[in-house]
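Chain and residue survey
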Amino acid sequence: MRGTRHLPSRIIPLLALLVAALSMPIGLSIAPSAAAAAAAAVSAAPVRVMPLGDSITGSPGCWRALLWNRLQSAGHTDVDFVGTLSHQGCAQAHDGDNEGHGGELATNVADQNLLPGRLAATLPDIVVMHVGTNDVWSSVSPDRILAAYTKLVQQMRASNPDMKVLVAQLIPMNPSQCATCAQRVVDFNARIPDWAAATATARSPVTVVDQWTGFDTAVDTYDGAHPSASGDEKIAARWYPALAALLDADPGDPGDPGDPGDPGDPPACTASFRAVSSWQGGYQGEVTVTNTSASSVSGWTATVVPAAGARLTQVWNGALGTGADGTATVANAAWNGTLAPGASAIFGFVADTPATAGTPTATVTCTARAASS
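Below is a short write-up of the structure. A quick note: this is a predicted structure, and the numbers were derived from the prediction, not measured. (Residues numbered from 1 in each chain as written. Predicted model: local features only at pLDDT ≥ 70, side-chain atom pairs only at ≥ 80, totals over all residues. Heavy atoms only, no water.)

A tally of helices and strands in the protein chain yields 11 helices and 14 strands. The buried share of the protein chain, reckoned over its 373 residues, is 47%. Within the protein chain, residue pairs in contact and separated by at least 24 positions form 75% of the contacts whose partners lie at least 6 positions apart. Carbon and sulfur atoms provide 58% of the accessible area of the protein chain, an area that totals close to 16,300 Å². (Helix = DSSP H or I, 4+ residues; strand = E, 2+ residues; numbered from the N terminus. Buried < 20%, exposed > 50% of the residue type's maximum accessible area, 1.4 Å probe, protein only. Contact = heavy atoms within 4.5 Å. Areas by Shrake-Rupley, 256 points an atom, 1.4 Å probe, with all protein chains shown as cover.)

Written out as structure tokens, the structure is:
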């Protein structure tokens, strides 16, 4: 599925229908069944997803293969990964097109206007973006990197006004050649949520995906910077719920004021649980909270009901409260409460479990607060 096609796939059926219509004798019209078939073909056009980044995304990029195959297994067969680069070494079968250029800095991509040509060649609907590691390594300031992010998003929207952007808080970095890189990543990641909230629009949301929490450079990288097999698994697992939420979203009829998700509707959110790891007597989990409203929310509270007598004992990226029955409530932290439409926040936790507990499970729900007008 090379990403270098110059006509969007959704246009091709219309062109074919037009050619057929022009070849008919005057006075004949297209049969309703043909028109319906053409409309069905247009509606079935795949969603074009561009993985954008550096070598962490590109070579070998096996997290892309894991993400692709997880989407396929979940029924998301209408997805086309696009990019001007193809497979870069990962042996797993997958749609390998990508935009992961080894060694690239986000600031160079923006300053040299490298992205518009790549967008024109691939026409993505969604960009999955993990970029900035090389900037952090090179001691580029967070302000400059975020300014580059802003320019890149502007270029994405020039290509597609309805562009959906998933932007990562970078995986940790602790290479032997850069003693201060670990803290620089922490400092930069702390700036991303506020940038995303300020950059997102209702038409073109920017969703933050926390790739940092729970990622251990000692085991999840092979050199302190690039993911190992376990790192690829974690990266794919973090991208999946955010990307699946965009693929599952029903845009509805924007002309009908009664449709769900209209700006006047009450704030709403969804929550999903994932077990990260487990051990005798406990496990680590995470919950993704996604704003499903058509307008921003100013805060959220998640309720976590762990199964089999488990009890939350520690939470990060949120504030924990626990009832007598073990039900936990987690309120947003100061930096991740504001969510643009479609944006997500992730908090992690540790739970203690009885010795007889089986596979970690939990029921999670959430409520959202409307942003102040």
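Still to come is the rest of the account.
On to the pattern of salt bridges, then. In the structure shown here, the tally under the stated rule is nine salt bridges. Linking Asp 111 and Arg 144 is a salt bridge whose minimum nitrogen-to-oxygen distance equals 3.3 Å. Of this pair, Asp 111 sits in helix α5 (residues 106-111) while Arg 144 is found in helix α8 (residues 142-159), placing the two residues 33 residues apart along the sequence. One network of salt bridges, with partners in common, ties together Glu 99, Glu 104 and Arg 118. (Salt bridge = Lys/Arg side-chain N within 4 Å of Asp/Glu carboxyl O.)

With that out of the way, let us pick up the sheet that holds strand β7 (residues 269-279). Read across the sheet, four strands follow the order β7-β8-β13-β10 without closing on themselves; strand pairing throughout is antiparallel. The sheet is open, and its two borders are formed by β7 and β10 (311-316), each paired with just one other strand. Each strand axis lies, on average, 30 degrees off the axis of its neighbour in the sheet, ignoring direction. In the sheet, β10 pairs with strand β13 (residues 344-352) via five bridges, with the strands oriented antiparallel. When the bridges of β13 are listed, Leu 312 appears paired with Ala 351. Of the strands in this sheet, β7, β8 (282-291) and β13 touch helix α11 (residues 229-248), which is tilted by about 165 degrees from β7. (Pairing = 2+ DSSP bridges. Axes fitted to C-alpha atoms, helices over the stretch in contact; angles between N-to-C directions.)

So, on to the packing of helix α4 (residues 62-73) against α11. Where α4 contacts α11, the axes come no closer than 9 Å and their chain directions differ by 45 degrees. For the element pair α4 / α11, the angle class is oblique. The interaxial crossing formed by α4 with α11 has right-handed handedness. Two secondary-structure elements touch here, α4 through Cys 62, Trp 63, Leu 66, Leu 67, Arg 70 and Leu 71 and α11 through Asp 232, Glu 233, Ile 235, Ala 236, Ala 237, Trp 239, Tyr 240, Leu 243 and Leu 247. Here the contact of α4 with α11 is built from residues that sort into 12 nonpolar, no polar and three charged. (Parallel < 35°, antiparallel > 145°, perpendicular 65-115°, else oblique. Left-handed = near helix turned anticlockwise from the far one by under 90°. Nonpolar A, V, L, I, M, F, W, Y, C, P; charged D, E, K, R; others polar.)

The subject of this paragraph is empty space enclosed by the protein. Applying the stated criterion to the full structure yields three cavities of 30 Å³ or more. Computed from the structure, the largest cavity encloses a volume of approximately 130 Å³. What lines the largest cavity is a set of 16 residues, and nearest its centre among them are Pro 193, Val 208, Leu 339, Ser 344 and Ala 345. Listed by contribution, the elements that provide at least two residues to the lining of the largest cavity are α9 (181-199), β6 (206-210) and β13. Among the residues forming the lining of the largest cavity, the class breakdown is 11 nonpolar, four polar and one charged. By volume, the second largest cavity is sized at about 50 Å³. Around the second largest cavity, the lining residues are Gln 211, Thr 213, Gly 214, Phe 215, Lys 234, Ile 235, Arg 238 and Arg 274. Of the residues forming the lining of the second largest cavity, the biggest block, three residues, is contributed by α11. Classifying every residue of the lining of the second largest cavity by side-chain character gives two nonpolar, three polar and three charged. (1 Å grid on protein atoms, 1.4 Å probe; cavity = no way out; pocket = protein on both sides within 12 Å on 5 of 7 lines; lining within 4 Å. Points joined across faces, edges and corners; volume = space filled by probe spheres on them.)

This part is about the nonpolar core. Among the nonpolar cores identified, the biggest contains 61 residues, and Met 129, Tyr 149, Met 156 and Phe 347 are the most heavily contacted of them. With residues up to four places along the chain from it excluded, the contact list for Met 129 reads Leu 52, Tyr 149, Met 156, Val 165, Leu 166, Val 167, Ala 168 and Trp 239. Ile 126, Leu 166, Ala 236 and Leu 243 belong to the second-largest nonpolar core, a separate cluster that totals 25 residues. (Core = buried A, V, L, I, M, F, W, Y, C linked by side-chain atoms within 4.5 Å.)

Moving on, we come to the side chain of Ser 228. Counting through the fold element by element, Ser 228 comes out in the loop between α10 (217-220) and α11. Relative accessible area serves as the criterion here: at 15%, Ser 228 is assigned to the buried category. Reaching out from Ser 228, the side chain makes a polar contact with the side chain of Ser 230 at a distance of 3.2 Å. Not counting chain neighbours up to four residues away, the residues in contact with Ser 228 comprise Val 219, Asp 220, Thr 221 and Tyr 222. (Polar contact = N/O pair within 3.5 Å; in protein donor to acceptor, adjacent residues only side chain to side chain.)

Our focus in this paragraph is the layout of surface pockets. If you add up the space inside the second largest pocket, you get close to 190 Å³. Lining the second largest pocket are Gln 169, Val 185, Val 186, Asn 189, Ala 190, Asp 210, Trp 212, Thr 213, Trp 316, Asn 317 and Trp 335. The residue makeup of the lining of the second largest pocket, split by class, is six nonpolar, four polar and one charged.

These figures come from the coordinates and say nothing about function on their own.
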